[in-house]
Amino acid sequence: MLTVLKTKCILMTREYIALFFSIIFCPMLLVIFGMVYGNDPSPIFGGQGTVDVMIPSFSGLIFAGTGLISLPVAVAACKERGELRRYKMTPIRPMTFLMCDVIMYFLISVIGMIIVLLIGRFAYGCEFDGSVMMFVYGFILSGMAIFAMGLFIASLSRTAKIAQTIGMVVGFPMMFLSGAGIPVEMMPDTMEKVTQVMPLSYCVSMMRDIWDGAGFSDVTGDSLVLILVAAAFTLLTAITFKWD
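None of these values were measured; they are calculated from a predicted model.

Undergrad: Please give an account of the overall build of the protein chain that cites residues and values.
TA: Across its full length, the protein chain holds 10 helices and zero strands. In the protein chain, which comprises 244 residues, the share counted as buried stands at 51%. For the protein chain, restricting intrachain contacts to residue pairs at least 6 apart in sequence, the fraction spanning at least 24 positions comes to 77%. Roughly 11,900 Å² of accessible area belongs to the protein chain as shown, and the carbon and sulfur atoms make up 69% of that amount.

Undergrad: Tell me about the side chain of threonine 195, residues and numbers included.
TA: For threonine 195, the location among the structural elements is in helix H8 (residues 192-196). Judged by relative accessible area, which is 11%, threonine 195 ranks as buried. Sequence-distant contacts of threonine 195, defined by excluding residues within four places in its chain, comprise Leu177, Ser178, Val184, Met187 and Ser201.

Undergrad: Outline the layout of surface pockets, supporting the account with residue identities and numerical values.
TA: Of the pockets and cavities examined, the second largest pocket occupies roughly 410 Å³. If you go around the second largest pocket, you meet 19 residues; those closest to its centre are Met99, Val102, Ala148, Leu151 and Thr234. If you list the elements that add at least two residues to the lining of the second largest pocket, you get helix H5 (94-124), helix H6 (132-156) and helix H10 (220-240). A per-class count over the lining of the second largest pocket returns 16 nonpolar, three polar and no charged.

Undergrad: Outline a nonpolar patch on the surface, listing residues and values.
TA: Side chains of Ile24, Met28, Val31, Ile32, Met35, Val36, Tyr37, Phe176, Ile182 and Met186 sit close together on the surface and give an oily, nonpolar patch of about 880 Å² of accessible area. In terms of residues, the nonpolar patch owes the most to one element, helix H2 (residues 16-37), which gives seven residues. Note that isoleucine 32 resides in helix H2. Residue class for isoleucine 32 comes out partly exposed when judged on its relative accessible area of 41%.

Undergrad: Pulling in residues and values, what's your account of the nonpolar core?
TA: One finds Leu30, Ile55, Phe58, Leu61 and Val116 to be the most contacted residues of the largest nonpolar core, which totals 59 residues. Looking at this core, the elements that each hand over two or more residues are H2, helix H3 (50-80), H5, H6, helix H7 (160-177), helix H9 (199-211) and H10. Here the element with the most residues in this core is H3; it accounts for 14 residues.

Undergrad: Would you mind going over the packing of aromatic side chains in detail, with residue names and values included?
TA: Within this structure, the stated rule accounts for 11 aromatic pairs. When the ring of phenylalanine 63 is compared with that of phenylalanine 147, the centres are 5.7 Å apart and the planes differ by 90 degrees; the resulting orientation is edge-to-face. Placement of the pair is phenylalanine 63 in helix H3 and phenylalanine 147 in helix H6, with a sequence separation of 84 residues. Take phenylalanine 63 and phenylalanine 147: they sit in the same class, and that class is buried.

Undergrad: Could you give an account of the confidence of the model for the protein chain, with specific residues and numbers?
TA: Per-residue pLDDT for the protein chain averages 85, and the proportion of residues at 70 or more is 89%. The weakest mean pLDDT in the protein chain belongs to helix H1 (residues 2-12) at 59; the strongest belongs to H6 at 95.

Criteria and thresholds
Along each chain, residues carry numbers from 1 onward, in the same order as the chain's sequence is written. Predicted model: local features are reported for residues with pLDDT of at least 70 only, side-chain atom pairs are reported and counted for 80 or more only, and whole-chain, interface and lining totals are derived from all residues. Values shown for side chains rest on all heavy atoms present in the structure; no hydrogens or waters enter the calculation. Labels follow the DSSP assignment, with helices taken as runs of H or I lasting at least four residues and strands as runs of E lasting at least two, numbered in each case from the N terminus. A simple rule labels every residue: compare its accessible area, found with a 1.4 Å probe on the protein chains alone, to the largest value its type can have, and call it buried under 20%, exposed over 50%, or partly exposed in between. Contacts between residues were defined by any pair of non-hydrogen atoms, one from each residue, lying within 4.5 Å. The accessible surface values rely on the Shrake-Rupley method and a 1.4 Å probe; as for residues, cover is taken only from the protein chains in view. Here a cavity means grid points, on a 1 Å grid over the protein atoms only, where a 1.4 Å probe fits yet cannot get out; a pocket means an open set of points with protein on both sides within 12 Å along at least five of seven lines; lining residues are those with an atom within 4 Å of a point. Grid points are joined across faces, edges and corners, and a volume is the space filled by probe spheres set on the points. Lys, Arg, Asp and Glu make up the charged group, whereas Ala, Val, Leu, Ile, Met, Phe, Trp, Tyr, Cys and Pro make up the nonpolar group; the residues left over, Gly among them, are polar. Exposure above 30% relative accessible area and the absence of a salt bridge qualify a residue for a patch, where like charges join within 9 Å and nonpolar side chains (Val, Leu, Ile, Met, Phe, Trp, Tyr) within 5 Å. We define a salt bridge as a contact between a side-chain nitrogen of Lys or Arg and a carboxyl oxygen of Asp or Glu at a distance within 4 Å. Residue types Ala, Val, Leu, Ile, Met, Phe, Trp, Tyr and Cys, when buried and joined through side-chain atoms within 4.5 Å, form a set referred to as a nonpolar core. Paired rings are identified among Phe, Tyr and Trp, the last through its six-membered ring, by centres lying within 6.5 Å, and are further divided according to the angle between planes into stacked (under 30 degrees), edge-to-face (over 60) and tilted (the rest). Every residue is assigned a pLDDT by the predictor, reflecting its confidence on a scale from 0 to 100.

Next comes the structure, spelled out in structure tokens:
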């Protein structure tokens, strides 16, 4: 499995669109918002700065790019080329290759998040008031939920173009209406109901609370929703996924 994962990581260096959304897009947005709004305390955010609010929110933005767009395209492309079908004839199970894709995109998401954190810390002086263990917990749980959705999109797609279309239709609204790309405080009140039906909004809400020092008991509601999302889409994927 490690050999397969290493090979996929090497091939990933040629996937410029996936690398852009996972590693460049969010840091670029953070710099742009930082230049426009700065990080001075704002009453809109309860005394926090714009960058302070956006850093934990961008974890959702990163997962939307990797989990809802890049991952489904990669898996669907393997199906389209017949790779998954051929894997059945090897000692390695096809599911191993899928898990390698998930692990690879999660690692890329980690790199993207680290870059965002470094920019926030050294360019804007952002301080993290929460627990590192809670942050890791929230990040992993968010990834599980969004990647489960991404695999379900892949299960519905026979080609990479179909996966890309579905991923963008699902992913882009979530990026900008869930609070991941634009803080919910900047949205009109009428958008609240729309935000609540988007799984990514619970990732953003949980990560923002954890960033501000929330403990496990404070994010139980968001955690439960994300666990249910991960379980439901994993089950749907298991039912609908075809290897060819």
